Structures are given as C-alpha cells and as structure tokens.
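Residue-level listing of the chains:
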Amino acid sequence: MFSSRWEQHLALELLLLLHLFLATTIQGHSKQIAISGSNVSLQISNLPADYKILTWLYTSEQKIVEHWNADKPHYFESTFKHRVVLNLSTGALNIYKVQKEDSSTYLLRVVKAAGNEEEWKIPLEVFDPVPKPRINITTTQEVNNGCYLNIACEIPDQSVNYTWYGESGPFPRAPQSAVLEVTVGPQNYSKFYTCQVSNPVSSENDTVYFTSPCEQAISSGVAWIATWLAITVPTVFGLLWT
Ligand SMILES: *[C@@H]1O[C@H](CO)[C@@H](O)[C@H](O)[C@H]1NC(C)=O
Ligand SMILES: *[C@@H]1O[C@H](CO)[C@@H](O)[C@H](O)[C@H]1NC(C)=O
Ligand SMILES: *[C@@H]1O[C@H](CO)[C@@H](O)[C@H](O)[C@H]1NC(C)=O
Ligand SMILES: *[C@@H]1O[C@H](CO)[C@@H](O)[C@H](O)[C@H]1NC(C)=O
Ligand SMILES: *[C@@H]1O[C@H](CO)[C@@H](O)[C@H](O)[C@H]1NC(C)=O
Ligand SMILES: *[C@@H]1O[C@H](CO)[C@@H](O)[C@H](O)[C@H]1NC(C)=O
C-alpha cells in the first residue's frame with residue numbers, strides 16, 4: 001500500500017498524532033463505601049470550570065445524567081431517574097437511598113471547552129447491614145482430658161468476614177472461616193465463644209457459654225425462665241393458699 005519506508009513512517013506518525021489528539025485523560029478515584037438506604041454524593045474535587053458537556057454514567061453504556069453547558073441537565077430513563085440530582089456548581093452526583101445494585105464504577109466524562117475529554121472513574125460499593133448470626137455447636141467430643149469443639153456461625157448467605165473470640169481474645173484464623181475448630185483442656189478452655197460477623201458498614205455477634213471444656217452453660221434465656229419459675233411458682237402457690 002505504501003510505496004516507501006518513509007511514507008509508512010509518516011502514516012504511523014499521523015496515526016499516533018490523531019490518537020493523542022482524541023485521547024481521553026482518565027483518572028482513578030478511591031472506592032466509596034456506603035450502607036444501603038443512605039444518601040451518597042459522588043464527586044471530584046477539580047471540575048473544569050468551563051466545560052461543554054458533562055455526563056455521569058453507571059457503566060460505559062448506561063448514562064444517568066448529561067449536562068450541556070447553559071441547558072438544564074437531562075436525566076435519562078434508568079433506575080436512577082427519580083433519585084439522583086446533579087449539583088451544577090460542583091458536578092457532584094447525589095444519589096438518594098442507595099441499594100446494593102447501585103454498586104459500580106461510575107464514570108464522569110467532561111468535554112472541555114478546548115474539545116478534549118477528561119474522564120474520572122469513581123467506584124462505589126453498597127453493603128446491606130449484616131444479619132445477626134446464630135452459633136450452632138456442631139460437635140463436642142471428649143478427648144483424653146479435654147474436648148474437641150466444632151462450632152459454626154450461621155447466617156443467610158452473604159459476603160462477610162468472621163472473627164472468633166474466646167476468653168483470651170481473638171482466635172487467630174482466616175477471616176473467611178465460619179467454623180471454629182479447637183481442642184481445649186481443663187486449663188485452657190474458654191468460658192465463652194463469640195462469633196462476630198462484619199462487613200465494612202456493620203457488625204453483629206452471637207456468644208455461647210461453657211462451664212467446662214465440653215459442657216455448654218444453660219443459655220441465658222432458659223436460665224431467666226428457670227429463675228422466673230423459681231420465684232413465681234412459690235408466690236402463686238403462696239397466694240393460692242392464703
Ligand atoms: C436523604 O436525603 C433526603 C432528601 O434530602 C432526606 O429526606 C433523608 O433524610 C436523607 N436520608 C439520610 C439517611 O440521610
Ligand atoms: C452544591 O454543592 C455545594 C457544595 O457542597 C453546596 O454548597 C450547594 O448547596 C449545592 N447546590 C445544590 C443546588 O445542591
Ligand atoms: C447445625 O449444623 C448441623 C450440621 O451442619 C445441621 O445439620 C443442623 O441443622 C444445624 N442446626 C441448627 C439448629 O441450625
Ligand atoms: C489447650 O491445651 C492443650 C494441651 O493441654 C492443647 O493440645 C491445645 O492445643 C490447647 N488449645 C488451645 C486452643 O490453645
Ligand atoms: C474482609 O476482610 C478483608 C481484610 O481485612 C477486607 O479486605 C475485606 O474487605 C473484608 N470483607 C468484608 C465483606 O468485610
Ligand atoms: C457484640 O455485640 C454487642 C452489641 O450487640 C457489643 O456491645 C459487643 O461489643 C459485641 N462484641 C464483639 C466481640 O463484637
């Protein structure tokens with residue numbers, strides 16, 4: 001196609017030049033974390049003063065709002081339509097009542113007066129609060145003088161981290177493990193085991209109690225009823241007899 005090396009070289013240079021001219025400057029942003037139901041403001045600190053077009057996108061295909069200088073912003077048909085507001089002075093996108101599905105890397109595209117485009121990537125991750133876990137003592141097995149314990153921390157399927165605590169602090173283990181497996185003796189058993197589940201926005205826990213390496217303490221709820229009966233029954237009988 002090209003008659004000489006020189007022409008090839010020229011063509012390549014032209015291509016490079018064209019590429020540079022059309023190139024978009026892309027800037028990253030640190031991830032924003034939010035709890036479901038809260039209001040979030042996505043923004044950049046240095047919005048170019050006189051832009052021609054400003055566009056917020058959910059993904060590279062889905063536009064949320066577009067603003068042509070001097071016009072009113074146009075909100076596109078999307079799940080965001082009635083819960084976003086563009087702040088015209090800062091370019092901030094305010095989203096009301098965020099949901100897990102709003103998690104994405106948002107894009108802010110600005111076509112500047114000079115014609116070149118700048119793009120910012122702004123990641124948002126929305127979490128539901130974690131549910132309260134329930135400890136299930138799967139195995140208690142006497143071994144020699146001690147006890148082998150296998151206890152599981154159960155929650156409906158969710159992305160969480162688990163931390164297990166005993167009397168002497170956290171058990172060193174992978175935060176992804178919902179199961180605590182320990183062998184304890186009379187000297188080093190813990191009077192309680194707590195499972196804490198957490199994500200970046202919330203944390204919940206449950207605790208089981210032990211009176212000896214292998215023996216679970218009567219749960220506080222049952223203990224309370226027992227106390228109540230112990231007090232109430234004699235009182236009722238006392239009243240009946242008077
Ligand atoms: C979110 O914004 C709306 C409207 O400004 C306000 O009524 C509501 O209280 C805000 N919610 C939270 C959780 O701040
Ligand atoms: C835009 O954001 C600025 C700075 O946070 C705030 O002072 C102003 O009230 C906002 N304007 C609107 C219309 O919300
Ligand atoms: C406890 O875990 C065992 C084994 O995984 C399971 O079969 C049992 O249903 C669980 N118990 C409760 C109360 O969830
Ligand atoms: C408790 O002590 C026994 C030895 O008595 C040991 O085998 C076991 O690993 C210890 N357990 C913990 C959780 O430290
Ligand atoms: C779990 O912990 C790791 C390490 O601390 C952290 O990077 C990750 O975001 C946590 N995941 C959740 C769901 O909290
Ligand atoms: C467990 O939750 C209670 C509140 O429900 C809190 O006071 C306590 O600090 C939590 N414990 C752990 C180990 O997370």
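All figures in this text were calculated on a predicted structure; none of them were measured in a lab.

S.K.: Requested: an account of the pairing of strand S5 (residues 63–68), with residues and values cited.
M.R.: In this sheet, S5 lies alongside strand S4 (residues 51–57) in antiparallel orientation, the contact comprising five bridges. In the strand pairing of S5, Leu54 is matched with His67. Connecting S4 to the next strand, S5, in antiparallel fashion are five residues. Pairing geometry for S5 and strand S6 (residues 74–75), over two bridges, is antiparallel. In the strand pairing of S6, Val65 is matched with Tyr75. The hairpin formed by S5 and S6 contains five residues between the paired strands, and Ala70 there has a positive phi angle of roughly 80°.

S.K.: An account of the packing of aromatic side chains is requested, with residue identities and associated values reported.
M.R.: As enumerated under the stated definition, the model contains six aromatic pairs in all. Measuring from ring centre to ring centre gives 5.7 Å for Tyr58 and Tyr106, while their planes differ by 65°; the resulting arrangement is edge-to-face. Residue Tyr58 is found in the loop between S4 and S5, and its partner Tyr106 is found in strand S9 (residues 104–112); the two are separated by 48 residues along the sequence. The exposure classification of Tyr58 matches that of Tyr106, with both residues buried. Taken together, Tyr58, Phe80 and Tyr106 form an aromatic cluster joined through their ring pairs.

S.K.: Just give me the short version of the side chain of Arg83, but keep the residues and values in it.
M.R.: Relative to the helices and strands, Arg83 resides in the loop between S6 and strand S7 (84–86). The exposure class of Arg83 is buried, given its relative accessible area of 18%. There is a polar contact of 3.4 Å between the side chain of Arg83 and the backbone oxygen of Lys97. If sequence neighbours within four positions are ignored, Arg83 has contacts with Asn94, Ile95, Tyr96, Lys97, Val98 and Asp102.

S.K.: Report on the sheet that holds strand S3 (residues 40–42), specifying residues and quantitative values.
M.R.: Pairing is antiparallel in the open sheet, where three strands are placed in the order S3-S8-S7. Edge positions in the sheet fall to S3 and S7, since each has one partner strand and no second. The average undirected angle you get between the axes of adjacent strands in this sheet is 20°. When S7 meets strand S8 (residues 93–95), the two strands line up antiparallel, connected through three bridges. Across the sheet, the residue bridging to Val84 is Ile95, located in S8.

S.K.: Account for the site of ligand 3, naming residues and giving values.
M.R.: The local shell around ligand 3 consists of Arg134, Asn136, Thr138 and Glu154. Here an oxygen atom of ligand 3 sits 3.5 Å away from a polar atom, N or O, in the side chain of Arg134. Here an oxygen atom of ligand 3 sits 3.3 Å away from a polar atom, N or O, in the side chain of Glu154. Coverage of ligand 3 by the protein amounts to 34% of the 360 Å² it exposes when considered alone. No other element matches the three residues that strand S11 (residues 134–143) contributes to the shell around ligand 3. Tallied by class, the residues present in the shell around ligand 3 amount to no nonpolar, two polar and two charged.

S.K.: Tell me about the sheet that holds strand S14 (residues 169–170), and please be specific about residues and values.
M.R.: Spatially, five strands are ordered S14-S13-S16-S17-S18 in an open sheet, and the strand pairing comes out antiparallel. Each edge of the open sheet is held by one strand with a lone partner, namely S14 and strand S18 (215–216). As defined by bridge partners, strand S17 (residues 202–212) adjoins S18 across two bridges and the pair is classed as antiparallel. Across the sheet, the residue bridging to Ser212 is Glu215, located in S18.

S.K.: Summarise the pairing of S4; cite the residues concerned and give the values.
M.R.: Taken across its seven residues, S4 has six buried, putting it largely inside the fold. Bridge count between S4 and S9: six bridges; the pairing is antiparallel. Within S9, the position partnered with Trp56 by the bridge is Leu108.

Cut-offs and rules
Residues numbered from 1 in each chain as written. Chains lettered and ligands numbered in written order. Predicted model: local features only at pLDDT ≥ 70, side-chain atom pairs only at ≥ 80, totals over all residues. Heavy atoms only, no water. Pairing = 2+ DSSP bridges. Helix = DSSP H or I, 4+ residues; strand = E, 2+ residues; numbered from the N terminus. Phe/Tyr/Trp six-rings, centres within 6.5 Å; stacked < 30°, edge-to-face > 60°. Buried < 20%, exposed > 50% of the residue type's maximum accessible area, 1.4 Å probe, protein only. Polar contact = N/O pair within 3.5 Å; in protein donor to acceptor, adjacent residues only side chain to side chain. Contact = heavy atoms within 4.5 Å. Axes fitted to C-alpha atoms, helices over the stretch in contact; angles between N-to-C directions. Near = heavy atom within 4 Å. Areas by Shrake-Rupley, 256 points an atom, 1.4 Å probe, with all protein chains shown as cover. Nonpolar A, V, L, I, M, F, W, Y, C, P; charged D, E, K, R; others polar.

Nothing here speaks to function; it is all geometry.
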